[in-house]
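# Structural features, examined
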Amino acid sequence: MEHRENIMDYNIVKAHILAALLFLGVSLIAGLLYSLQFTGDYPFRSVEFLSPGKIRMLHTNAVAYGWLLNGLLAGVYWVVPRLTGYPPLSRALSWFIFWVLQLLVLATAVGILAGYAQAIEWGETPIFVDPFITLGLILLAVNFVPPIIRAGKDAPLYVSLWYFTGALVWVILVYIMGNYLPQFFVPGAAGAAITGNFIHDLVGLLVTPLGWGLMYFFVPIIIGRPIWSHSLSLMGFWGLAFFYPMQGLHHFMWSPVPMYVQYSAVVATIAIEVVVTTVLANFILTLRGNGDYLRHNFPIRWFYTGMIFYWITCFQCAIQVTLTVQKLIHFTDWVVGHSHLVMFGVFSFWIIGMITELWPRLTQNQWYSERLHSWAYWLNTLGLALMFITLTIAGVVQGVTWWGLNHFMDSVVFSLPFWYVRTISGLMIIAGIAIFVFNMWMTARGHVRDEARLAQEQTVAT
Amino acid sequence: MVRQKRINLILLILLSLALSIPAAEAAGLTEAGKRVYKKYCVGCHGEKGDGKGRGTALLVVKPRDFTTGIYKFKSTPGDSLPTDEDLMRTLVRGLPGTSMPSYRLLSEVERQSVIAYIKTFSARWQTESPASTVTIPSVPGYLNTPDSIEKGRAIYGGKGGCSVCHGDRGDGKGPLWSSLKDTWGEPVRPANLRWAMFRAGNSPQELFRTLKAGVAGTPMPGFGGVLTDEEIWHLVSYILSLKGGR
Amino acid sequence: MEKKTLRESFGFILLVAGIGFFVVGFIFQMLGPVVFLNKIPMKSVEEMASRVSPEFTLLSEDYPEEFRKAFGEPTPESYAQALLEGRDIYIAEGCWHCHSQYVRPIANEPLRYGAVSVASEYQNELQLPQLFGTRRVGPDLIREAGIRSNDWHMQHLYDPQSVEPKSVMPAYPWLFDEDGRPTRRAFSMVAYLQWLGSWQNPEEKER
């Protein structure tokens, strides 16, 4: 075990978690501000650098690069040394990457607010930031590939490491493809084929594999039994690797992009739903007989809730991607609800669950309060469900008014009630995260709320 | 589309039924029109219908003042009130080249009701009724023939006096172009005939109507009393021949 | 020691899953369209601006003093500049997140917006990167040219709710000076909006 302590760097895990939470805060506030624009209550109406369009880009980019990447990297820094038995290439390099990442996220935020955004969705990082991000991603691979290679020399690699290997390579390729080709070389419809794939690959080939890699590590370790089926793990990984790079064009259905690309994107997207179902079955069967964990173990609860949301997302995706359903819901709030379900309901839940597992170990303290965990969980889950449902219905309403040839303003006026509910659901999520962070803060300071005693007193009183 | 037409027809029948029961239903229509007005029109035309809404500062062609009952694009001559069809046409097509957009995607009932509401802004609607509309004969065979265009050119520069405002080249820059004002004291620009974007419509019949009825509230007179129908058709030929030039 | 299999080795995963599958996807889903659409000649801004649009000329008549200060005369050169700068504002302000730029052949969109979009319309410098858009909080804009007047656009950018009472569009007063008169940025923005779809025959349009 001493050996393990030496290869672990707890501080970098902690640093990534804190940075992630900081940017999560930024993006939550940005999201709230943006939702206020829709209800006519935007507070900074005549401030140029806080223009709502820029706030939206701040929201999505802070989520993607500030919160998800930081949060997932915290997990990777925890998992890789434990699975391989070797530390990342260099501790100094790890810290260098950490500071570069934070600087780049900040530069992106400032660049967007100053009006230098790049017109590529999820890649609004200004053009002058792109080369540095590419370098940073290459450094990231350089840092993590050596321990994986060394571990692979004398034993087969564990599932998590397949996913990490894939993600480390894919993200470099995806980033170069998505940020340079459509910006400088490929215009119009062909450029849309590339950016469509970039939008999707950033989720599917970076966030998803890192997230599943973490799940394959944390779930068996917490439950204390191995993953149910190795074959299903294999199927999940290779299915994802094969089908994900082919489905991004479903973001531009019925567009002037050649139809064969659109058809094949539909097929690949529906195929991935089958793959996802096998992965989910694998995890459910791993939990079989241990359902109690969902009630008592908060990390497991976050993880499995995220997985259920993931399955809903993918099921929804398999339906909404068809050319038939696209007629109604493309360009509507339906899609916005879908993306919140993925980015918050799945990957953010997993990261929060991971922090729930790791934070006591990182601070050497017991969690301050179990009850606050419960509050955070229910506020986030119900808030997200509310947001998803309201946006989905709003999407159908908008689609119907467009299709029915109503005056365009009808789609706005009819959406207003849903947009109010969306703001409320966002406030619930913010409250949930605030409670979670407060809990973390008290834990770090070493406070513990003796809730067993409180509960006992309560039962005695009743 | 067929189904849409059938629904429109049913709505129209219902509407005409509604209109045939005067007092109560008309009030309901006006009330509905007020809601439509508040949703789409109030920004420019204003709460009082005086054309002084919130969004007029940057507009070059100022929004219509409904309180005077004077409308520019209509089929009745002079300052007479327009017919409902005239107002409906403006709502459906908008006025190209001005900030009046098309409301063709509103339902027929919504448009009818907002027209009913607009009429409440001017007392003229209670006391007067629209004059008889100018008759538009069917398009003659000689329209657009070189001979007709030549005759039209002669009328344009001579009897019609068009070039004083619209310019010799038809580019809207005649000697008087920068000094023209409308009834409300706002500057108006003669149409640039070479762009062929006419506010009341581009078809020969629509041009004929504009020439014969004039544009009320502006220096553009109706030529119904000055030119014969045949001369107006020659003028239409000439104006259409200007299209596309710079 | 467990038995080592090829499919669980680093090299195999890196080469087949990491690079191999990605390249297959790239060739099939992206290189295909790039090769096919490359046959359509790419248009430069100068080429497209060689014929100044009536709307840009009208801008100089609608706001003569401000236009002279901003662009001087409506020439092909100043039009090209205005298009480029307008496109940059369109990107920087995130307009493309709430307005799409393609008309689909379905859901009555040709009736609402006009002709269905085709690939050749996008093979130009102003669609680099493409601005297909992602959401329609506001209407599609690819058939916008000539549908509305310059002054409507100006007023709408300055204060959207003043002309469209129920709109949720943000105001862009910083495109105007302290007196609310248009600056170079406002002219560029309107020139760009009036360019979208200007290659179409105006008589085919209706809204």
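Residues numbered from 1 in each chain as written. Chains lettered and ligands numbered in written order. Predicted model: local features only at pLDDT ≥ 70, side-chain atom pairs only at ≥ 80, totals over all residues. Heavy atoms only, no water.

All chains considered together, the criterion is met by 64 aromatic pairs over all chains. Centre to centre, the rings of A:Y34 and A:F38 are 5.2 Å apart; their planes meet at 80°, and the pair counts as edge-to-face. Here the residue A:Y34 and the residue A:F38 both occupy positions in helix α2 (residues 10-38), the gap between them amounting to 4 residues, near one helical turn. As far as the burial class goes, A:Y34 and A:F38 line up, both buried. Considering the side-chain rings of A:F242 and A:F243, the 5.2 Å spacing of their centres and the 80° angle between planes classify their relative orientation as edge-to-face. The ring of A:W78 carries the charged tip of A:R82 above its face, separated from the ring centre by 4.0 Å. We note C:R148 situated over the ring of C:W152; from NZ or CZ to the ring centre the distance is 4.2 Å. (Phe/Tyr/Trp six-rings, centres within 6.5 Å; stacked < 30°, edge-to-face > 60°. Helix = DSSP H or I, 4+ residues; strand = E, 2+ residues; numbered from the N terminus. Buried < 20%, exposed > 50% of the residue type's maximum accessible area, 1.4 Å probe, protein only. Lys NZ or Arg CZ within 6 Å of the ring centre and 35° of its normal.)

The interface is formed by 78 residues belonging to chain C together with 94 residues belonging to chain A. Connecting chain C to chain A are 4 salt bridges. Among the ionic pairs, A:D333 bridges to C:R135, the shortest N-O distance being 2.9 Å. Along the contact surface separating chain C from chain A lie 31 residue pairs in polar contact (both at pLDDT 80 or more). (Contact = heavy atoms within 4.5 Å. Salt bridge = Lys/Arg side-chain N within 4 Å of Asp/Glu carboxyl O. Polar contact = N/O pair within 3.5 Å; in protein donor to acceptor, adjacent residues only side chain to side chain.)

The domains assigned to chain C are domain 1 (6-37) and domain 2 (45-204). For domain 1 of chain C versus domain 2 of chain C, the distance between C-alpha centres works out to 39 Å. (Domains from an automatic or database assignment.)

Counting 232 residues, the largest nonpolar core has A:W212, A:F218, A:F283, A:F303, A:M307 and A:F347 as its most contacted members. Per-element tally for this core: the top contributor is helix α7 (residues 188-223) of chain A, with 22 residues. Non-local contacts of A:W212, meaning those with residues more than four positions away in its chain, are made with A:Y163, A:V279, A:F283, A:M307, A:Y310 and A:W350. Of all hydrophobic cores here, the second largest spans 20 residues; its members include B:L193, B:L207, B:W233 and B:I239. (Core = buried A, V, L, I, M, F, W, Y, C linked by side-chain atoms within 4.5 Å.)

It is worth spelling out the packing of helix α4 (residues 64-71) of chain C against helix α9 (residues 184-195) of chain C at this point. If you want to describe how two helices pack, look at the angle between their axes and the distance between the axes. Residue and element names in this part refer to chain C. Where α4 contacts α9, the axes come no closer than 9 Å and their chain directions differ by 95°. Looking at the two axes, α4 sits roughly perpendicular to α9. Where α4 abuts α9, its residues E66, F67, A70 and F71 lie against R184, F187 and S188. Taken together, the residues that form the contact of α4 with α9 break down as 4 nonpolar, 1 polar and 2 charged. (Axes fitted to C-alpha atoms, helices over the stretch in contact; angles between N-to-C directions. Parallel < 35°, antiparallel > 145°, perpendicular 65-115°, else oblique. Nonpolar A, V, L, I, M, F, W, Y, C, P; charged D, E, K, R; others polar.)

Tallying the contact residues gives 28 residues for chain B and 31 residues for chain C. Between chain B and chain C we count 3 salt bridges in total. For B:K173, the salt bridge identified is with C:E61, shortest N-O distance 2.9 Å. Taken together, the connections running from chain B to chain C amount to 12 residue pairs in polar contact (both at pLDDT 80 or more). For the side of chain B that touches chain C, the element with the most residues is helix α2 (residues 22-45) of chain B, which contributes 6 residues.

Looking now at the domain arrangement of chain A. When the parts of a complex come together, some accessible area is lost, and that lost area is often used as the size of the interface. Residues and elements named next belong to chain A. The assigned domain composition of chain A is domain 1 (1-129) and domain 2 (336-462). Taking the mean C-alpha position of each, domain 1 and domain 2 sit 20 Å from one another. Taken together, the contacts link 23 residues of domain 1 with 24 residues of domain 2. Both sides together, the interface formed by domain 1 and domain 2 hides about 2,200 Å², and carbon and sulfur atoms give 84% of it. Inspection of the region where domain 1 meets domain 2 yields 0 salt bridges. For the pair domain 1 and domain 2, the number of links is 2 residue pairs in polar contact (both at pLDDT 80 or more). Of all elements in the fold, only α2 and α3 (52-84) reach the threshold of two or more residues within the side of domain 1 that touches domain 2. (Buried area = accessible area lost by both parts, 1.4 Å probe.)

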